[in-house]
Amino acid sequence: MTQLGTIDEIPREYLDDLAAHNLLPLWPSLRNLLPFEKPTRNALPAIWHYDDVRPLVIRAGEITPIEKAERRVLILANPGYGSDQPMATPTIYLGLQLIMPGETAPCHKHTPCAVRFVIEGSGGYTLVGGEKCPMEKGDLILTPTGMWHEHGHEGDTPVIWLDALDLPLVHYLEASYCTEGAHREPGNKADSSQNRYRRAGLVPYQSLNDVRNPYPLLRYPWAEVREALQKLSHDAADGEMIWLAYVNPETGGECLPSLGFSAVMLRPGERASPPRRSASAVMHVIEGKGESVIDGETFTWTESDTYVIPTHATVEITNTSDLEPAFLFMVDDAPLQRKLGFYEEFPPAPGA
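Each value, and the rule that gives it
- Residues numbered from 1 in each chain as written.
- Predicted model: local features only at pLDDT ≥ 70, side-chain atom pairs only at ≥ 80, totals over all residues.
- Heavy atoms only, no water.
- Helix = DSSP H or I, 4+ residues; strand = E, 2+ residues; numbered from the N terminus.
- Rg over C-alpha atoms; globule rule 2.2 N^0.38 Å.
- Buried < 20%, exposed > 50% of the residue type's maximum accessible area, 1.4 Å probe, protein only.
- Contact = heavy atoms within 4.5 Å.
- Areas by Shrake-Rupley, 256 points an atom, 1.4 Å probe, with all protein chains shown as cover.
- Lys, Arg positive; Asp, Glu negative; His and termini not counted.
- Charge placed at Lys NZ, Arg CZ, Asp CG, Glu CD.
- Expected span 1.5 Å × (residues − 1).
- Core = buried A, V, L, I, M, F, W, Y, C linked by side-chain atoms within 4.5 Å.
- Patch = residues over 30% accessible without salt bridge, like charges linked within 9 Å, V, L, I, M, F, W, Y side chains within 5 Å.
- Salt bridge = Lys/Arg side-chain N within 4 Å of Asp/Glu carboxyl O.
- Pairing = 2+ DSSP bridges.
- Disulfide = S-S within 2.5 Å.

## Examining the overall build of the chain
Move 1: Each helix and strand in the chain was counted, giving seven helices and 23 strands.
Move 2: Relative to its length of 352 residues, the chain is compact, with a C-alpha radius of gyration of 22 Å against a globular reference of 20 Å.
Move 3: With the C-alpha coordinates of the chain rotated into their principal frame, the extents come out at 70 × 50 × 50 Å.
Move 4: A buried classification covers 47% of the 352 residues belonging to the chain.
Move 5: Within the chain, contacts between residues at least 6 apart in sequence are counted, and of these 74% link residues at least 24 apart.
Move 6: Taken as a whole, the chain presents about 18,200 Å² of accessible surface, with 54% of it coming from carbon and sulfur.
Move 7: Of the charged side chains in the chain, 29 are positive and 48 negative; the average position of the first set lies 5 Å away from that of the second.

Here you go:
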């Protein structure tokens, strides 16, 4: 292995000359930029227990009216980046958003892609591109880049959901901004896109035309995803991970260009060891209880908790209930890595 020179070995006057011309020597920091075998990580495995943070989310609704917040959100900040950085992983922003009965969060659009994953409450909705998407626990709602969207609440209890955006990536590219818009009345019946894609293998005939809507399906109801996981579990062999991806129903590809979404079911007492992956990910517990071992660190979780899996981490997930299944929702940056050409999955080490 090459022994690289250090910054201390370079004459001071030479460094000053480089700085005067906005230049840097690569070799002293080469291994920081290109380490061997595994990347250098700042993200840490971390968990947010919903029972701990929910009172703080509700308190935000008491101290800050929606008119002064636009979006009333508490950011899940990974401690590896410091408490002031709005990042769960290098590419994924997470926030817990609250809307109270009768409130509306105003219309806007932005360059980052976003999704909403509903944690609790009923009667909330999101308008995306003029389509009204009801929000029930476990539902996934897409808000693709550049699409007008707003939120409202017609129920009588707080509604809280998990926001996931590729904001850290877009902000790093200095391309993050939003545009305000006027309220838009729904242009279709509620859930119109979801109603057009009721069954796998069937699409509206018009979609066979050459011009395709890049985001034909905006809402993925949890009731249907849960049923699909249970059906799959009947055919899955012991030890086979029950794992379904959310996809574009017309192309079979990922829902959004930079973030991927999937759902995992663990049968009672089941333990799963997904492959070590180059992608970073976050897991949100929809139902059940269990524990996850991430790079040797154990995290115990229950319903509505959220935790981080950094890039290249080894992971083992266990359902600690012998009676009930556990269901988890995953967000990752695998679609981005696939497009950039460096997504990898690594087989377990011999004897692992």
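Okay, back to it.
## Some words on helix 3 (residues 50–63)
Move 1: Compared with the 20 Å implied by 1.5 Å per residue over 14 residues, the 20 Å span of helix 3 between its first and last C-alpha is a close match.
Move 2: Considering only its buried residues, helix 3 is in contact with strand 1 (47–48), strand 2 (73–75), strand 3 (93–99), strand 5 (114–120) and strand 10 (159–165).

## Some details on the nonpolar core
Move 1: Ranked by size, the top nonpolar core spans 52 residues in total, and within it L140, Y246 and F261 carry the most contacts.
Move 2: Grouped together as the second largest cluster of nonpolar side chains are 17 residues, L266, F299, W301 and V315 included.

## Considering a nonpolar patch on the surface
Move 1: Together, L26, L33 and L34 line one region of the surface with nonpolar side chains, adding up to about 310 Å² of accessible area.
Move 2: Within the secondary structure, L34 is located in the loop between helix 2 (30–33) and strand 1.

## Points about the environment of H234
Move 1: On the secondary structure map, H234 appears in helix 6 (residues 222–235).
Move 2: When the C-alpha atoms of H234 and S280 are compared, they prove to be 30 Å apart, with 46 residues separating the residues in sequence.

## What about the pairing of strand 5?
Move 1: With respect to burial, strand 5 is a largely interior element, seven of its seven residues being buried.
Move 2: Taken together, the four bridges between strand 5 and strand 8 (residues 140–143) define a ladder with antiparallel strand orientation. Of the residues in strand 8, the one forming a bridge with A114 is T143.

## Points about the pattern of salt bridges
As a working rule, side chains carrying opposite charge can pair if their charged atoms are close by.
Move 1: As enumerated under the stated definition, the model contains 14 salt bridges in all.
Move 2: A salt bridge links E62 to R59; the nearest nitrogen and oxygen atoms lie 3.3 Å apart. Taken together, the residues E62 and R59, both in helix 3 and three residues apart, mark about one turn of the helix.
Move 3: Look at R59 and you get partly exposed, because its relative accessible area is 47%.

## A closer look at the state of the cysteines
Move 1: Per the stated rule, a full pass over the model turns up zero disulfides.
Move 2: Note on C107: no disulfide assigned, nearest cysteine sulfur contributed by C178 at a separation of 11 Å.
Move 3: The buried category is assigned to C107, whose relative accessible area is 5%.
Move 4: Counting only cysteine sulfurs, C255 is the nearest neighbor of C133, a cysteine outside any disulfide, at a range of 13 Å.

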